[in-house]
Amino acid sequence: MFWNREMETISGADLEALQLSRLKWTVHHSQNVDFYRRKFRDAGVTPDDITILADVEKLPFTYKKELRDAYPFGNIAVPMKQVVRIHTTSGTTGKPTVVSYTRQDLDNWSELIARNLTMIGLTDEDIFQNAVNYGLFTGGLGFHYGAEKIGATVIPSATGNTKRQIEMIQDFGVTAIHCTPSYGMHLAEVAEEMGATLDTLRIGIFGAEPWSENMRKELEERLGLEAFDSYGMSEMYGPGAGFECPEHDGLHIWHDCYLAEIIDPITGERLPDGEKGELVVTPLVKEAMPLIRYRTGDITRIIPEDCPCGRGKKIARITGRADDMLVIRGINVFPSQIEHTLLSIPDVGDQFMVYVDRINHLDEMTIEVEINRKSFSGELADLARLQKTVAGAIKEALNLRTTVRLVEPGSLPRFEGKARHVVDRRNEIW
Ligand code: ADP
Ligand code: ZN
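**So, the coordination of the zinc ion (ligand 2)**
In a perfect tetrahedron of four donors around a metal, the angles come out at 109.5 degrees. In a perfect octahedron of six, they are 90 or 180 degrees.
Then, in step 1: Within the first shell, the zinc ion (ligand 2) binds the protein through Cys245 (SG), His252 (NE2), Cys307 (SG) and Cys309 (SG), at distances of 2.1 to 2.3 Å.
Then, in step 2: Of note, the donors binding the zinc ion (ligand 2) are all from one chain and are spaced C-x6-H-x54-C-x1-C. Residue Cys245 is located in the loop between strand E8 (238-244) and strand E9 (251-253), and its partner Cys309 is located in the loop between strand E13 (302-306) and strand E14 (313-315); the two are separated by 64 residues in the primary sequence. The same class applies to Cys245 and to Cys309, which are both buried.

Here you go:
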């Protein structure tokens, strides 16, 4: 099922021509922003240097820091009176980035969400519970308007009060739910405690943070649904930019709206399809806040083959951000790898925290993980055995020795929005 078959399946010379004309427009439009005029001058390029698609490589990258330095409205390319809404990033490190939208931007954004939802089989018959933070976070209103656009019945449940969320699923006959994967796991946990069955649920959309294939299995089994991965970021409107199709093998990026490149994060050089690197995106239809070659920091690759569903090339699932990656004694570790490993051991739960310290100049990683009350016997002798099993599995998966601490079920923090699994104490001054 397609929402906009023409744009979703555009390919070959037609796609290239469309991307080139939109790239030219975007590059010219970016010159309404002071810092882009300055960047182009410094790089010795002008908008007229773009004559073919590959010319995008002549353009300078845009970094998150530059958008943040323009706080609050220094990155806007239209008169303020054309801006009809703003959102912000979560701003966990310093000031947030403000992202602005014209009316056309909001229309474009909900069109993309409408395409995604239609792609995974949602229609105006569905009852859609949007269990993410409304407000400045883009996931709430972004999905809300997209789901309304396809005519689904939208329940803006937002986050919190998990028991009530479960009652809503039951009372309203919810068929599809959107939340972070970690909140999805929490919903499953609370539903099990309540002895609630969620028969009507058939589709789960999980995004905003990295999650693993084992997590998919758990979510599908425990919530009784088919799980889809949703990727996005505030700078690209929000969620909707990348979305898994029913093939469940990578995410579609809407090629009429985003020009995607993969680069070597160190050298900045463009990598061929298939190679893993940092995703760089140039949105092609953004009015209020145009971006040129935006460094997402997210690590993925372009899958070289076209998807059988007809929507062109996909990107692989995002394993983490370049800046989420921990380097422990020289070994690169993404928290999603730890999660994947823990979920393969039934006697521990999916809840974990990672602490990194530097002790005698050596990096030491400690993983606290909750015991799974349902499958674990509770015998003291078994505890020691379980702890060994977990440490062994982590060693095997990451090639890294860690300290594993088993903790009581329910004792680690739960997150309604993006989960935070890592506390890196190596740079703390005591
Ligand atoms: P902030 O940068 O403040 O966290 P965003 O909410 O815009 O603001 O977060 C976007 C980031 O979230 C992405 O760059 C990516 O790292 C992460 N992310 C979003 N969706 C996914 C997903 N499905 N899989 C992995 N990572 C994701
Ligand atoms: Zn597909």
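There is more to say, and it comes next.
**A few points about the sheet that holds strand E11 (residues 277-283)**
Strands belonging to one sheet form pairs held by backbone hydrogen bonds; the direction of such a pair is parallel or antiparallel.
Then, in step 1: Spatially, three strands are ordered E10-E11-E12 in an open sheet, and the strand pairing comes out antiparallel. Edge positions in the sheet fall to strand E10 (258-263) and strand E12 (294-300), since each has one partner strand and no second. Across this sheet, the average inter-strand angle for adjacent strands is 30°, counted without regard to direction.

**Regarding the pattern of salt bridges**
Pairing between side chains of opposite charge can happen when their charged atoms approach one another.
Then, in step 1: Counted by the stated rule, this structure contains 34 salt bridges.
Then, in step 2: Residue Arg216 is joined to Glu213 by a salt bridge in which the shortest nitrogen-to-oxygen separation is 3.0 Å. Of the two residues, Arg216 and Glu213 are both situated in helix H9 (residues 213-223); the distance of three residues between them amounts to about one turn of the helix.
Then, in step 3: You can call Glu213 partly exposed: its relative accessible area is 37%.
Then, in step 4: Two residues, Arg222 and Glu218, come together in a salt bridge whose shortest N-O distance is 3.1 Å. Of this pair, Arg222 and Glu218 both sit in helix H9, separated by four residues, roughly a single helical turn.
Then, in step 5: In this structure Glu218 comes out as partly exposed when scored by relative accessible area, which is 21%.
Then, in step 6: Through salt bridges with shared partners, a single network forms among Glu213, Arg216, Asp229, Glu244 and Arg317.

**Here we look at helix H11 (residues 380-398)**
Then, in step 1: End to end, H11 covers 28 Å across 19 residues, agreeing with the expected 27 Å (1.5 Å per residue, within 8%).
Then, in step 2: Summarising the contacts, the buried residues of H11 are in contact with strand E16 (331-333), helix H10 (335-342), strand E17 (348-359), strand E18 (362-371) and strand E19 (403-407).
Then, in step 3: At the exit of H11 stands Asn399, carrying a positive phi of roughly 60°.

**Notes on the nonpolar core**
Then, in step 1: Of all hydrophobic cores here, the largest spans 66 residues; its most connected members are Leu59, Leu117, Leu122, Phe128, Ile205, Tyr258 and Ile315.
Then, in step 2: A per-element tally of this core places helix H5 (residues 103-119) first, with seven residues.
Then, in step 3: Setting aside anything within four residues of it in sequence, one finds Ile315 in contact with Tyr231, Gly250, Leu251, Ile253, Leu279, Thr300, Arg301, Ile302 and Ile303.
Then, in step 4: Membership of the second largest hydrophobic core comes to 25 residues, among which are Ile177, Leu198, Leu201 and Leu219.

**Quick notes on a negative patch on the surface**
Then, in step 1: Taken together, the side chains of Glu247, Asp249, Glu305 and Asp306 define an acidic patch exposed on the protein surface.
Then, in step 2: Of note, Glu305 is situated in strand E13.
Then, in step 3: The exposed category is assigned to Glu305, whose relative accessible area is 52%.

**Details of the pairing of E13**
Then, in step 1: Pairing geometry for E13 and E14, over three bridges, is antiparallel. When the sheet's bridge partners are listed, Asp306 is paired in E14 with Lys313.
Then, in step 2: In sequence, E13 turns back onto E14 through a hairpin of six residues, with Gly310 there showing a positive phi of about 100°.

**Quick notes on the side chain of Asp298**
Then, in step 1: Considering the arrangement of structural elements, one finds Asp298 in strand E12.
Then, in step 2: Here the side chain of Asp298 touches Tyr231 through a polar contact of 2.6 Å, side chain to side chain.
Then, in step 3: Once residues within four sequence positions are removed from consideration, Asp298 is found in contact with Tyr231, Met233, Gly277, Glu278, Leu279, Ile318, Gly320 and Arg321.

**Let's talk about a nonpolar patch on the surface**
Then, in step 1: Residues Phe73, Met80, Ile86 and Leu136 make up a contiguous nonpolar surface patch of roughly 340 Å² in combined accessible area.
Then, in step 2: Turning to its location among the elements, Phe73 is positioned in the loop between helix H4 (64-69) and strand E1 (83-88).
Then, in step 3: Taking relative accessible area as the criterion, Phe73 reaches 36% and is therefore assigned partly exposed.

**Description of the site of ligand 1**
Then, in step 1: Close to ligand 1 lie 18 residues; Ser90, Asp229, Ser230, Ser234 and Asp298 are nearest.
Then, in step 2: Glu209 is positioned such that a nitrogen or oxygen atom in its backbone is 3.4 Å from a nitrogen atom of ligand 1.
Then, in step 3: Within the backbone of Ser234, an N or O atom sits 2.7 Å from an oxygen atom of ligand 1.
Then, in step 4: Here ligand 1 loses 94% of its free accessible area of 580 Å² to cover by the protein chains.
Then, in step 5: Per-element tally for the shell around ligand 1: the top contributor is strand E7 (residues 226-233), with five residues.

Quick notes on the rules
Residues numbered from 1 in each chain as written. Chains lettered and ligands numbered in written order. Predicted model: local features only at pLDDT ≥ 70, side-chain atom pairs only at ≥ 80, totals over all residues. Heavy atoms only, no water. Donors = N, O, S within 2.8 Å, 3.2 Å for Na, K, Ca; no water. Helix = DSSP H or I, 4+ residues; strand = E, 2+ residues; numbered from the N terminus. Buried < 20%, exposed > 50% of the residue type's maximum accessible area, 1.4 Å probe, protein only. Pairing = 2+ DSSP bridges. Axes fitted to C-alpha atoms, helices over the stretch in contact; angles between N-to-C directions. Salt bridge = Lys/Arg side-chain N within 4 Å of Asp/Glu carboxyl O. Expected span 1.5 Å × (residues − 1). Contact = heavy atoms within 4.5 Å. Core = buried A, V, L, I, M, F, W, Y, C linked by side-chain atoms within 4.5 Å. Patch = residues over 30% accessible without salt bridge, like charges linked within 9 Å, V, L, I, M, F, W, Y side chains within 5 Å. Areas by Shrake-Rupley, 256 points an atom, 1.4 Å probe, with all protein chains shown as cover. Lys, Arg positive; Asp, Glu negative; His and termini not counted. Charge placed at Lys NZ, Arg CZ, Asp CG, Glu CD. Polar contact = N/O pair within 3.5 Å; in protein donor to acceptor, adjacent residues only side chain to side chain. Near = heavy atom within 4 Å.

Such coordinate-based values are descriptive only and should not be taken to indicate function.
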